[in-house]
Amino acid sequence: RSNAGGPNKTDARNAKMPGEYAWTPDPETASRTNIGRFMTRHDIADYAELVQRSTTDVAWFWDAVVKDLGIEFFEPYTQVLDTSRGVPWARWFLGGRLNLTHHCLDRHAHSPRGDRPAIVWEGEDGQTRRVSYKELDAETCRLANALRGLGLGVGDRIGLLMPMVPETVAAFLACAKIGAVVVPIFSGFGASAVAERLRDGEARLLITVDGFRRKGRLIDTQRVAVEASASCPDLEHVLVLHHHGRKELTRPGFELWWHEAVATQSARAATESMDAEDPVLIAYTSGTSGRSKGSVHVHGGFLVKIAQEAAHQVDMCEDDLLFWVTDLGWIMGPWEVVGALAQGGTVFLYDGAVDFPAPDRLWALVERHNVSILGVSPTLVRLLMTHGTEPLTRHDLNSLRILGSTGEPWNPSPWHWFFEHVGGGRCPIINFSGGTEVGACFLSALPITPLKPCALVGPALGMDLDIFDSEGKALRSGVGELVCKQPWPGMTRGLWRDRERYLQSYWSRWPDVWVHGDWASRDSDGDWFLHGRSDDTLNIAGKRIGP
């Protein structure tokens, strides 16, 4: 495998046969990527050595990442990794104090970068907004002060039931700023699913909107929030952002308007100094394989892991506009916000359906706003493929330099369609896979690696992965269980209020080995592939039956 690479050039072979490389990077461009510079700085010769060094000594690698990305601690850590409480309860950056909001917002807003855009937004109705780092900081501080005025602070859980609008980012950052724990909830959920997550997280406040539009139809989010709150005894208030829909509160006193709460607040607010292991986020799984799990993520580990992935995997830089088609309620929502802002770049938010009012809406967004990094799911590509290539040909997509994908395994036809028609055969598809509990990803391509259709290339950096057979032995061929043999900074610090379920779900099969529940394999070139969920598989009469 070549160590050379870069996101802008290709050998243009556009391979069609399984096992062939579709994209081969250019050495000169590779050296200018974030990961290329990291390799040069640490005298790493090629991709194989990069993976080997990052997984053989994980403490060295993650310490090097902190220094390489300039992640700012208020107080430096004295130890990178501590497993004295057991590998499932590993702690990172001991003694260090920091705040995710400081690194993603404060330091940019009060620097020459302050007037640069932190957020570019478009609504389904065509409205647009650009929010600078200074403006985002002011709104975040006003909201942080309002939250403190409601008696909220360190350790309190705050639910977010919001579409992808600029205030959603301000709310996320304001909660982290005061040391509260964010509980993001998918904006499309009904009242029962919202209530389940609020109850489990014991949230004291829910921040929501009065409504938003999907395909021209008004979604009455305020009604959902109020209905959900009826069965949440810990909930004290619902804070409502006027976005679309109703203009009145149904339960005044319990419901509060955002604009009234922040109107008299100062645009400056102190940022709490948090221990690196203090929780910042409870991210709930979808619940498709049982009761939804509340994955606990912390200020230090979550920030470091996400910042590293955005910098090294999709090569996020200051001048990039990152757009991942997602919702804050799924892990890729926090990923794109933290990843883009940690690098001092710009996150693009779209509040609407990507095929409305016409099937070219997504491509129009890319052209109009000069999106440079676009992330999707394979399912979305399969949907857009049904409209053919004509909607694509109406738009200039040359601003794109990196394509991303996650959420499920690819099959060849949509992978090639995305690569050839959206990326023009010149943009690498950085395919990666992980999970809510992982805090990011296990497997990932890099912009310095040749790419095969549908492949995940190899372990994400710093992730000591393997494929085990049913006896716990490493497989070099065939399909087996994807496992991780060492801890990583972004791993969940257990499941909220459910220690035993955490241990049973991930650590019970083999000692000190995380079993993720995915089938994986490697081909003869060493490229990794996923084959679906192993924990959804039934063994019937000796045959494995699964989706």
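Just so we're clear, the structure is a prediction, and the values are computed from it rather than from any experiment.

## Examining the pattern of salt bridges
Enumeration according to the criterion identifies 37 salt bridges in this entry. Measuring nitrogen to oxygen at the nearest pair gives 4.0 Å for the salt bridge that ties Arg53 to Glu49. Of this pair, Arg53 and Glu49 both sit in helix 3 (residues 47-56), separated by 4 residues, roughly a single helical turn. Notably, a salt bridge pairs Glu277 with Arg493, separated by 2.8 Å at the nearest N-O pair. Of this pair, Glu277 sits in the loop between strand 13 (274-275) and strand 14 (279-284) while Arg493 sits in the loop between strand 24 (480-484) and helix 17 (499-506), and the two are 216 residues apart along the sequence. Both residues of the pair, Glu277 and Arg493, count as buried. Several salt bridges converge on common partners, so that one network encompasses Lys452, Asp523, Asp525 and Asp527.

## Re the sheet that holds strand 25 (residues 514-522)
Taken in spatial order, the 4 strands make up an open sheet running 23-24-25-26, and their pairing is antiparallel. In this open sheet, the two edge strands, each paired with only one partner strand, are strand 23 (465-468) and strand 26 (528-533). Adjacent strand axes in the sheet meet at a mean angle of 45°, parallel and antiparallel pairs treated alike. Bridge count between strand 23 and strand 24: 4 bridges; the pairing is antiparallel. Its bridge partner lying in strand 24, Asp466 is registered against Val483.

Reading the values: the criteria
Residues numbered from 1 in each chain as written. Predicted model: local features only at pLDDT ≥ 70, side-chain atom pairs only at ≥ 80, totals over all residues. Heavy atoms only, no water. Salt bridge = Lys/Arg side-chain N within 4 Å of Asp/Glu carboxyl O. Helix = DSSP H or I, 4+ residues; strand = E, 2+ residues; numbered from the N terminus. Buried < 20%, exposed > 50% of the residue type's maximum accessible area, 1.4 Å probe, protein only. Pairing = 2+ DSSP bridges. Axes fitted to C-alpha atoms, helices over the stretch in contact; angles between N-to-C directions.

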